[in-house]
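Architecture at a glance
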Amino acid sequence: MTTSITTTENTSANNAISQKLFGTTPAGEAVTEFTLTNNLGSKIKIITLGGIITEWHMRDKKGALADVVLGFDSLDPYLKVGPYFGAIIGRVGNRIANAQFTLDGETYQLTANNGTNNLHGGPQGFDKKVWSATTAQDANGPMLKLHLLSEDGDQGFPGNLNVTVTYQFTHKDELIVDCVATTDKATPVNLTQHSYFNLAGIGTEAGATILNHKAQIFADHINAVNQAAIPVGEPMPVAGTPFDFRAPRLIGEFINADHEQIHNGLGYDHNFIINQKTYKELTLAARVEEETSGRVLEVFTKEPGVQFYSGNFLDGSLTGKGVTYQKRSGFCLEPQHHPDSINQPQFPSIVLRPGEQYKTRTIFKLSVK
Ligand code: BGC
């Protein structure tokens, strides 16, 4: 059974949930930071701006805790710059070609914020909004429930969209991300979670880049993209290419290979089509391990695709947690529908209609071996 609990500032670290003021937006909105702690002593911090996971502290094989996600130290950079560290992405994650789509005979023009494309819901996407929050817990672990009303016309999208994202941090070091949405007008919806992981730990020598992380992605195909990162043509079989992660392989092994898709993505920045019987089943999409720490990440999802992004656009211009984020110092595994789905009818639909419910689940699970 789920019971609502009241949280107070500065509760002791043994308590499962604590909260404090993280900052205030220029519009005067308070942004709260919640700390969820599980029975294993692992800790996740999430702020109400964008549902951003700012910290995730996980032990290594010797029992030492380290923060394994990229992030900033204060609110300001989260508001101003766009690597989307740790955020919930919406209303439509990934790209919409030419920032335009037609739905039920009406054409919608969005803002182009990635060349001519719309990326991650536009310049003021869900990652830039302050969500309302309630907390709860059950036998599995503490929960943070975030709610957002994205109004009709928000970033150019039709319909009032009511979104609830529930994070549960279990006593098994799983972060369960449940997303539910309803609308009063047909609209595309494609939410995702955009954490950048570095399993060696932020600020460690082994964690300078993620090239020595070993990744396995359970996908026989990727969506090949053009230079604007929009899917083109038939799904590309991964066999015999730098995209074959069906058996574990170092991320760095072929990241600079002379392959058209590596050139187009400037490394890995591709939507892998997860092997599933039906995409609505919770499926293991990817597994990544880092040898020096022994940490392992597994990503389970009900989504049909996972964007594997190797942090190619990090360029040493952003700092946080006492480090400068160099190129490829973090990787993202973003479960989602395929890019530009709203314009590409061969993909599973991302259209949500009144009376329907958008409902999806992703689990990020950490462990040590
Ligand atoms: C995209 C990248 C983009 C990054 C922004 C990823 O989801 O696939 O192309 O640069 O988000 O941080």
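Residues numbered from 1 in each chain as written. Predicted model: local features only at pLDDT ≥ 70, side-chain atom pairs only at ≥ 80, totals over all residues. Heavy atoms only, no water.

To continue, consider the site of the ligand. Looking at the ligand, the residues that line it are Gly-82, Pro-83, Tyr-84, Arg-95, His-120, His-194, Tyr-196, Asp-269, Gln-307, Tyr-309, Phe-313 and Glu-334. One of the side-chain N or O atoms of His-120 is found 2.9 Å from an oxygen atom in the ligand. Contact distances for the ligand include 2.8 Å between an oxygen atom and a side-chain N or O atom of Tyr-196. Looking at side-chain class alone, the shell around the ligand contains 5 nonpolar, 4 polar and 3 charged residues. (Near = heavy atom within 4 Å. Polar contact = N/O pair within 3.5 Å; in protein donor to acceptor, adjacent residues only side chain to side chain. Nonpolar A, V, L, I, M, F, W, Y, C, P; charged D, E, K, R; others polar.)

This part covers the sheet that holds strand 2 (residues 17–24). In spatial order, the strands read 2-3-4-5-6; together these 5 strands make up an open sheet with antiparallel pairing. Across the chains shown, the open sheet's two edge strands, defined by having one partner strand only, are strand 2 and strand 6 (65–67). Pairs of neighbouring strands in the sheet enclose a mean axial angle of 20°, with direction left out of account. Pairing analysis gives 4 bridges linking strand 4 (residues 43–47) to strand 5 (residues 53–59), with the strands arranged antiparallel. The residue of strand 5 that forms the bridge with Ile-44 is Trp-56. (Pairing = 2+ DSSP bridges. Helix = DSSP H or I, 4+ residues; strand = E, 2+ residues; numbered from the N terminus. Axes fitted to C-alpha atoms, helices over the stretch in contact; angles between N-to-C directions.)

What follows concerns the environment of Asp-315. In this fold, Asp-315 is placed in the loop between strand 25 (305–309) and strand 26 (318–320). Considered as a pair, Asp-315 and Tyr-325 are 10 residues apart in the sequence and their alpha carbons are 6.9 Å apart. At a separation of 2.5 Å, a polar atom in the side chain of Asp-315 contacts the side chain of Ser-317.

What the rule picks out here adds up to 14 salt bridges. The salt bridge involving Arg-353 is made with Asp-104; its shortest N-O contact spans 2.9 Å. With Arg-353 in the loop between strand 29 (351–352) and strand 30 (358–368) and Asp-104 in the loop between strand 9 (100–103) and strand 10 (106–109), the pair connects residues that are 249 residues apart, well separated along the chain. According to the relative accessible area criterion, Asp-104 is exposed, its value standing at 55%. Among the salt bridges present, the one from Lys-369 reaches Glu-289, with a minimum N-O distance of 2.8 Å. Of this pair, Lys-369 sits in the segment after strand 30 while Glu-289 sits in strand 23 (residues 283–289), and the two are 80 residues apart along the sequence. Overall, the relative accessible area of 59% leaves Lys-369 in the exposed class. On the basis of relative accessible area, Glu-289 is assigned to the buried category, the value being 16%. Salt bridges sharing common partners tie together Arg-287, Glu-289, Glu-298 and Lys-369. (Salt bridge = Lys/Arg side-chain N within 4 Å of Asp/Glu carboxyl O. Buried < 20%, exposed > 50% of the residue type's maximum accessible area, 1.4 Å probe, protein only.)

Inspection of the secondary structure assignment puts Asn-271 in strand 22 (residues 269–274). Assessed through its relative accessible area of 1%, Asn-271 is described here as buried. At 3.3 Å, the side chain of Asn-271 forms a polar contact with the side chain of Gln-307. Within the structure, Asn-271 has its side chain in polar contact with the side chain of Gln-336 (distance 3.3 Å). Among all residues touching Asn-271, those that are not within four sequence positions of it are Asn-94, Ile-222, Asn-223, Gly-305, Val-306, Gln-307, Gln-336, His-337, His-338 and Pro-339. (Contact = heavy atoms within 4.5 Å.)

With that out of the way, let us pick up the confidence of the model for the protein chain. Confidence in the prediction of the protein chain, expressed as mean pLDDT, is 95, and 96% of residues score 70 or more. Contacts of residues 1–14 to residues separated by more than four positions or lying in other chains number 24 contacts, the stretch itself having pLDDT below 50. (pLDDT = per-residue confidence, 0-100.)

Before going further, it helps to spend a moment on the nonpolar core. Counting 59 residues, the largest nonpolar core has Trp-56 and Leu-333 as the members making the most contacts within it. Element by element, the count of residues in this core is highest for strand 14 (residues 161–169), at 5 residues. Those residues within four positions of Leu-333 in sequence are excluded, and the remaining contacts are Gln-193, Ser-195, Ile-217, Ala-286, Val-288, Leu-297, Val-299, Val-306, Gln-307, Phe-308 and Phe-364. (Core = buried A, V, L, I, M, F, W, Y, C linked by side-chain atoms within 4.5 Å.)

Now for the packing of aromatic side chains. Here the structure, examined in full by the defined rule, presents 21 aromatic pairs. Consider the rings of Phe-126 and Trp-131, whose centres lie 6.0 Å apart with planes at 85°: the pair is edge-to-face. As far as the burial class goes, Phe-126 and Trp-131 line up, both buried. Considering the side-chain rings of Phe-245 and Phe-308, the 5.7 Å spacing of their centres and the 80° angle between planes classify their relative orientation as edge-to-face. Remark: Phe-308 occurs in strand 25 and Phe-245 occurs in the loop between strand 20 (236–237) and strand 21 (249–250); sequence separation between them is 63 residues. Residue class for Phe-245 comes out buried when judged on its relative accessible area of 0%. (Phe/Tyr/Trp six-rings, centres within 6.5 Å; stacked < 30°, edge-to-face > 60°.)

Here the focus is the environment of Pro-242. Among the structural elements, Pro-242 can be located in the loop between strand 20 and strand 21. Contacts of Pro-242, omitting those with residues within four sequence positions, involve Arg-249, Phe-254, Ala-257, His-259, Ile-262 and Tyr-268.

Once that is clear, we can look at the pairing of strand 22. Across the 6 residues of strand 22, 5 count as buried, placing the element largely inside the fold. In terms of strand pairing, strand 22 meets strand 25 through 5 bridges, oriented antiparallel. Bridging across to strand 25, Asn-271 finds its partner in Gln-307.

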